[in-house]
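Observations on the three-dimensional arrangement
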Amino acid sequence: MPDRAPPAIDAQPLPYQDRLLPRTHDDIDLVVIHCTELPDLAMAREYGERVLYESGTGNSGHYYIDRDGRIVQYVSLDRIAHQVTGFNPRSIGIELVNTGRYPHWWDSRHQAMDEPYPDAQIAALIDLLQHLCGTRRSGSSLATSSRVSSHSWPRVLAAVPLQELRG
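Here is a short report on the structure shown in this document. It should be emphasised that the depicted structure is a prediction, and the values quoted were computed from it without experimental measurement. (Residues numbered from 1 in each chain as written. Predicted model: local features only at pLDDT ≥ 70, side-chain atom pairs only at ≥ 80, totals over all residues. Heavy atoms only, no water.)

1. Here we look at the pairing of strand β2 (residues 30-35)
Across the six residues of β2, six count as buried, placing the element largely inside the fold. Covered by surrounding structure in β2 are L30, V32 and H34 together with V31, I33 and C35, the residues of both alternating faces. Sheet topology places β2 next to strand β5 (residues 91-96); six bridges connect them, and they run parallel. Looking at β5, one finds that V32 is bridged to G93. (Buried < 20%, exposed > 50% of the residue type's maximum accessible area, 1.4 Å probe, protein only. Helix = DSSP H or I, 4+ residues; strand = E, 2+ residues; numbered from the N terminus. Pairing = 2+ DSSP bridges.)

2. Regarding the pairing of β5
Most of β5 sits out of view: six of its six residues are buried. Burial along β5 is two-sided: the face carrying S91, G93 and E95 and the face carrying I92, I94 and L96 are both buried. As judged from the three bridges shared by strand β3 (residues 63-65) and β5, these two strands associate in the parallel manner. If you follow I65 over to β5, its bridge partner there is L96.

3. Digging into the packing of aromatic side chains
Taken as a whole and judged by the stated rule, the model has two aromatic pairs. Ring geometry for Y64 versus Y74: centroids 4.3 Å apart, planes at 35°, classification tilted. You can see Y64 sitting in strand β3 and its partner Y74 sitting in the loop between β4 (71-73) and β5, a full ten residues away along the chain. Classification of Y74 as buried rests on a relative accessible area of 1%. Considering the side-chain rings of Y102 and W105, the 5.5 Å spacing of their centres and the 70° angle between planes classify their relative orientation as edge-to-face. Its relative accessible area of 24% is what places W105 among the partly exposed residues. Above the ring of Y74, the side-chain terminus of R45 is found at 4.6 Å from the ring centroid. In this structure, R50 packs its charged tip against the face of Y47, placed 4.0 Å from the ring centre. (Phe/Tyr/Trp six-rings, centres within 6.5 Å; stacked < 30°, edge-to-face > 60°. Lys NZ or Arg CZ within 6 Å of the ring centre and 35° of its normal.)

4. A look at unusual backbone geometry
Backbone torsion omega between Y102 and P103 reads -5°, so that peptide bond is classified as cis. Along the chain, P103 falls in the loop between β5 and α2 (119-135). With a phi angle near 55°, E37 is a residue other than glycine that sits in the positive phi range.

Purely geometric stuff here, so don't read any function into it on its own.
Shown next as structure tokens:
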């Protein structure tokens, strides 16, 4: 919506952000929405800071949205975050803080998510998506032909075109 103020985004770069590979904003044409499957934002940060690769980097999304709607950015958009196999160079990762299946990720008896997403968190997600669309140059990939996908099915890409989120 054109009359909406941009959402407040708290930049808290991960210690290894500068080691992540660079990219241009024109490379981005996909947003992948994840569930942290962790109890809180502090634990999500702890997991994000873990170094897992020889490059001195780890796994993290670009943005995290807490249950109260607070948005934190851990990785700049001009860096490739490790957040979804096969689509990292072209995607923005948004993590919604939610327990999901925590701590039983691989237990077949606990594969349903139990915690609903609060209204404030969903409103912040919509605000962030609209902001991302609005800040991209009109001819860029993110502004014109982007898709939103969940983490579970990024290869399907039969998701919501970002244009529909512009309000």
